[in-house]
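So the chains spell out like this:
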Amino acid sequence: MNREQERAEFVRDLKRRGIKDEKVLDAFAHVPREEFVEPLQEPLAFSDQALPIACGQTISQPYVVAAMTEALEVSPEHKVLEIGTGSGYQAAILAVLAREVFTIERHRDLAESARARLRRLGFGNVTVIHADGMEGAGDYALFDRIMVTAAAIEIPDTLTAQLVPGGIMVLPVGGPNEVQSLIRVRKRAGGGLDREDLMAVRFVPLLPGVPGRS
Ligand code: SAH
C-alpha cells in the first residue's frame, strides 16, 4: 500500500469504528499523520495506537483524536483553544475545521518543534504558545471551543471561564492511575455548565507550570 492508500484505509477504519461526521473524516484524510510521529515510528503512523513523542509524552490514538474532535462540534467560524500541543497533530486536525486555533504546550522543545512542523505543512491558522495551559490563553479569550488533551483531576474553572456562552469544552478527567472519563462540558447562556460522560480514556496528566521555570 502506498501512503495515499494507507491514509484512505485509515479513514475507513475510523468510519467503521463509529466516527460519522464527514468533515471530521475529511480532516483525517487531509492531515499527514506520518509527519507528526517520530521517524522511527513512521511505519506505525496509520495504526490505531498512541505513539511516544519527545519529552516522555504521546501522540494520542487516532480513534480518540477523532472521537474528541467529533464531540467538540467545530464549525468554520470557530476560534478554538487546545491545551497540550504535543506533536501538533490534534491542532492540525482542528485547524482544518475551524477559523483559528491556539494551542498551548508546557514543554519548550515540543512547542518549538510543533510550531515549526505546522508552519512547514502550511497550517497558517494555528498559533503555538509555550506556557502553562492550565491558565488558558486570556489574551485571546473567549473561545468557541476548548479541547484539553491531557487528563485533569477536575474541570479547570480557569478554562470554563474562557469559553463563550453556548461554547463546548471536551477533556479527559481523572487521576493518572485511574480510569479517566472523556467529558463534554456545555456552557449555558446563563453561564451554568452541563456535563456529559462520553467514554473511558487514558491520557498523560495535565501538569501545572512550565518545566525549567520556578
Ligand atoms: N494533542 C497532542 C497529544 C497530547 S499529549 C498531539 O496531538 O500530539 C499531552 C500534552 O499535554 C503533552 O505534550 C504535555 O506536555 C502537555 N501538557 C500537560 N500539562 C500541560 C499544561 N498544563 N499546559 C500545557 N501543556 C500541558
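Shown above is the structure to which this text applies.
What comes next is a walk through the structure.

Reading guide: rules and limits
- Residues numbered from 1 in each chain as written.
- Predicted model: local features only at pLDDT ≥ 70, side-chain atom pairs only at ≥ 80, totals over all residues.
- Heavy atoms only, no water.
- Helix = DSSP H or I, 4+ residues; strand = E, 2+ residues; numbered from the N terminus.
- Buried < 20%, exposed > 50% of the residue type's maximum accessible area, 1.4 Å probe, protein only.
- Contact = heavy atoms within 4.5 Å.
- Areas by Shrake-Rupley, 256 points an atom, 1.4 Å probe, with all protein chains shown as cover.
- Lys, Arg positive; Asp, Glu negative; His and termini not counted.
- Charge placed at Lys NZ, Arg CZ, Asp CG, Glu CD.
- Core = buried A, V, L, I, M, F, W, Y, C linked by side-chain atoms within 4.5 Å.
- Near = heavy atom within 4 Å.
- Polar contact = N/O pair within 3.5 Å; in protein donor to acceptor, adjacent residues only side chain to side chain.
- 1 Å grid on protein atoms, 1.4 Å probe; cavity = no way out; pocket = protein on both sides within 12 Å on 5 of 7 lines; lining within 4 Å.
- Sits in = over half its atoms within 2 Å of the grid points.
- Nonpolar A, V, L, I, M, F, W, Y, C, P; charged D, E, K, R; others polar.
- Salt bridge = Lys/Arg side-chain N within 4 Å of Asp/Glu carboxyl O.
- Points joined across faces, edges and corners; volume = space filled by probe spheres on them.
- Pairing = 2+ DSSP bridges.
- Axes fitted to C-alpha atoms, helices over the stretch in contact; angles between N-to-C directions.

### Structural notes on the overall build of the chain
1) Next: In terms of helices and strands, the chain carries six helices and nine strands.
2) Next: Counting over 214 residues, the chain shows a buried share of 50%.
3) Next: For the chain, restricting intrachain contacts to residue pairs at least 6 apart in sequence, the fraction spanning at least 24 positions comes to 52%.
4) Next: Carbon and sulfur atoms provide 49% of the accessible area of the chain, an area that totals close to 10,100 Å².
5) Next: For the chain, the separation between the mean place of its 25 positive charges and that of its 30 negative charges on side chains is 1 Å.

### Re the nonpolar core
1) Next: If you look at the biggest cluster of nonpolar residues, it comprises 48 residues, and the most contacted ones within it are Phe28 and Tyr89.
2) Next: Those elements that place two or more of their residues in this core are α1 (3-16), α2 (22-30), α3 (62-72), α4 (89-97), α5 (108-120), β5 (126-130) and β7 (163-173).
3) Next: The next biggest cluster of nonpolar side chains, apart from the first, holds 20 residues, and it includes Leu81, Ile83, Leu159 and Leu171.

### A look at the site of the ligand
1) Next: Near the ligand there are 28 residues, and of these Ser87, Glu105, Asp132, Gly133 and Leu207 occur at the shortest range.
2) Next: One of the backbone nitrogen or oxygen atoms of Gln90 is found 3.0 Å away from an oxygen atom of the ligand.
3) Next: Taking Leu207, its main chain carries an N or O atom lying 2.6 Å from a nitrogen atom of the ligand.
4) Next: Burial of the ligand by the surrounding chains reaches 99%, relative to a free accessible area of 580 Å².
5) Next: Placement of the ligand is best described as lying within the largest pocket.
6) Next: Contributing elements (two or more residues each) for the shell around the ligand: β2 (58-59), β3 (79-83), α4 and β4 (100-105).
7) Next: For the shell around the ligand, the class distribution of residues is 12 nonpolar, 12 polar and four charged.

### Some thoughts on the pattern of salt bridges
1) Next: If you walk through the whole model with that rule in mind, you get 17 salt bridges.
2) Next: Across the salt bridge formed by Glu9 and Arg16, the nearest N and O atoms sit 2.8 Å from each other.
3) Next: The exposure class assigned to Glu9 is partly exposed, which follows from its relative accessible area of 28%.
4) Next: Lys15 is the salt-bridge partner of Glu22, the closest N and O atoms lying 3.3 Å from each other.
5) Next: Judged by its relative accessible area of 45%, Glu22 is partly exposed.
6) Next: Each of Glu9, Arg12, Asp13 and Arg16 takes part in one network of salt bridges that share partners.

### Some thoughts on the layout of surface pockets
1) Next: When its volume is computed, the largest pocket comes out at roughly 560 Å³.
2) Next: Considering the residues around the largest pocket, the lining is formed by 37 residues, among which Thr58, Thr149, Ala150, Phe203 and Val204 are closest to the centre.
3) Next: Classifying every residue of the lining of the largest pocket gives 19 nonpolar, 13 polar and five charged.

### Observations regarding the sheet that holds β5
1) Next: A sheet is described by the order of its strands in space; here seven strands give the open sequence β5-β4-β3-β6-β7-β8-β9, paired in mixed fashion. With one partner strand each, in any of the chains shown, β5 and β9 (193-201) form the two edges of the open sheet. Between one strand axis and the next, the sheet turns through 15 degrees on average, direction left out of account.
2) Next: Relative to β7, strand β6 (residues 143-148) runs parallel, the two sharing four bridges. What sits directly across from Met147, in β7, is Val170.
3) Next: Where α3 meets the sheet, it contacts β3, β6, β7, β8 (180-187) and β9, and its direction lies at approximately 160 degrees from that of β7.
4) Next: Along the sheet, α5 makes contact with β4 and β5, crossing β5 at roughly 165 degrees.

Any functional reading would require information beyond the geometric quantities listed.
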